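# An overview of the molecular structure
Listed below are the residues making up each chain.
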Amino acid sequence: QVQLVESGGGLVQPGGSLRLSCAASGSILGINAMGWYRQAPGKQRELVATIPSGGNINYADSVKGRFTISRDNAKNTVYLQMNSLKPEDTAVYFCYAYLSTWSIPRTRDYWGQGTQVTVSS
């Protein structure tokens, strides 16, 4: 069993900042990658940023230069620092992990429940 728990969402004015956190817990063997996706009403879920283990960080073009993803491997936690927020950033943000567990040793995708980010004046 794996749990991904997001926190840090909320309401912010355009140009403001938020910092999202996601902690993975459970009988984890190894985490290959963690990241963030988002889904706005009426739109498909889209990649925001990913941070693979030993790989290059990847950002969606729409957030480059504004968002920063980071990871604390000891805590199995991924962060998303969001600066210069825009109304179009409004969405439910989902934590993502690509990992293996003791019960399911093959690597697979896991998702958090989502945290709401609303950018509005």
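Each residue is numbered by its place in its chain's sequence as written, counting from 1. Where totals are concerned, whole chains, interfaces and linings use all residues; where local detail is concerned, this predicted model gives features only for residues with pLDDT of at least 70, and gives and counts side-chain atom pairs only at 80 or more. Side-chain numbers come from the whole structure's heavy atoms, not from hydrogens or water.

## A look at the state of the cysteines
Working definition of a disulfide: a covalent bond connecting the sulfur atoms of two cysteines. Rule in force here: Pairs of cysteine sulfur atoms within 2.5 Å are identified as disulfides in what follows. Helix numbers and strand numbers start at the N terminus; a helix is a DSSP run of H or I with at least 4 residues, a strand a run of E with at least 2. For every residue, the accessible area (1.4 Å probe, protein chains only) is compared with the maximum for its type, and the residue is labelled buried under 20%, exposed over 50%, or partly exposed between those bounds.
Under the defined criterion, the tally for this structure stands at 1 disulfide. Two residues share a disulfide in this structure: Cys 22 and Cys 95, whose sulfurs sit 1.9 Å from each other. Here Cys 22 and Cys 95 share a disulfide; its torsion about the S-S bond, -85°, makes the bridge left-handed. With Cys 22 in strand β3 (residues 18–26) and Cys 95 in strand β9 (residues 91–101), the pair connects residues that are 73 residues apart, well separated along the chain. Just as Cys 22 is buried, Cys 95 falls in that class too.

## Section: the packing of aromatic side chains
Applied cut-off: Between the rings of Phe, Tyr and Trp (Trp by its six-membered ring), a pair exists once the centres lie within 6.5 Å; its type follows the angle of the planes, with under 30 degrees stacked, over 60 edge-to-face, and the other angles tilted. Either the NZ atom of lysine or the CZ atom of arginine qualifies as a charge over a ring when it sits within 6 Å of the ring centre and within 35 degrees of the ring normal.
Applying the stated criterion across every chain yields a total of 3 aromatic pairs. With centroids separated by 5.3 Å and ring planes inclined at 55°, the aromatic side chains of Tyr 96 and Trp 111 adopt a geometry described as tilted. Of this pair, Tyr 96 sits in strand β9 while Trp 111 sits in strand β10 (residues 108–111), and the two are 15 residues apart along the sequence. In this arrangement the basic side chain of Arg 45 is found over the ring face of Phe 94, its NZ or CZ atom lying 3.7 Å from the centre. Lying over the aromatic face of Tyr 110, Arg 108 brings its terminal NZ or CZ to 5.0 Å of the ring centre.

## Concerning the sheet that holds β3
Convention followed: Two strands pair if DSSP finds at least two bridges between them. Only C-alpha atoms enter the line fits that serve as axes; for helices the fit covers just the stretch in contact. Angles between N-to-C directions range over 0 to 180 degrees.
Strands sit in the order β1-β3-β8-β7 across an open sheet of 4 strands; the sheet is antiparallel. Since the sheet does not close on itself, it has two edges, and those belong to β1 (2–7) and β7 (67–72), each with one partner. Pairs of neighbouring strands in the sheet enclose a mean axial angle of 15°, with direction left out of account. As paired strands, β3 and strand β8 (residues 77–82) are joined by 6 bridges and run antiparallel to one another. What sits directly across from Leu 18, in β8, is Met 82.

## So, unusual backbone geometry
Within the chain, Asn 76 stands out as a residue other than glycine whose phi angle is a positive 50°. When you line up the elements, Asn 76 lands in the loop between β7 and β8. For Ser 84, which is not glycine, the phi dihedral falls at a positive 50°. On the secondary structure map, Ser 84 appears in the loop between β8 and β9.

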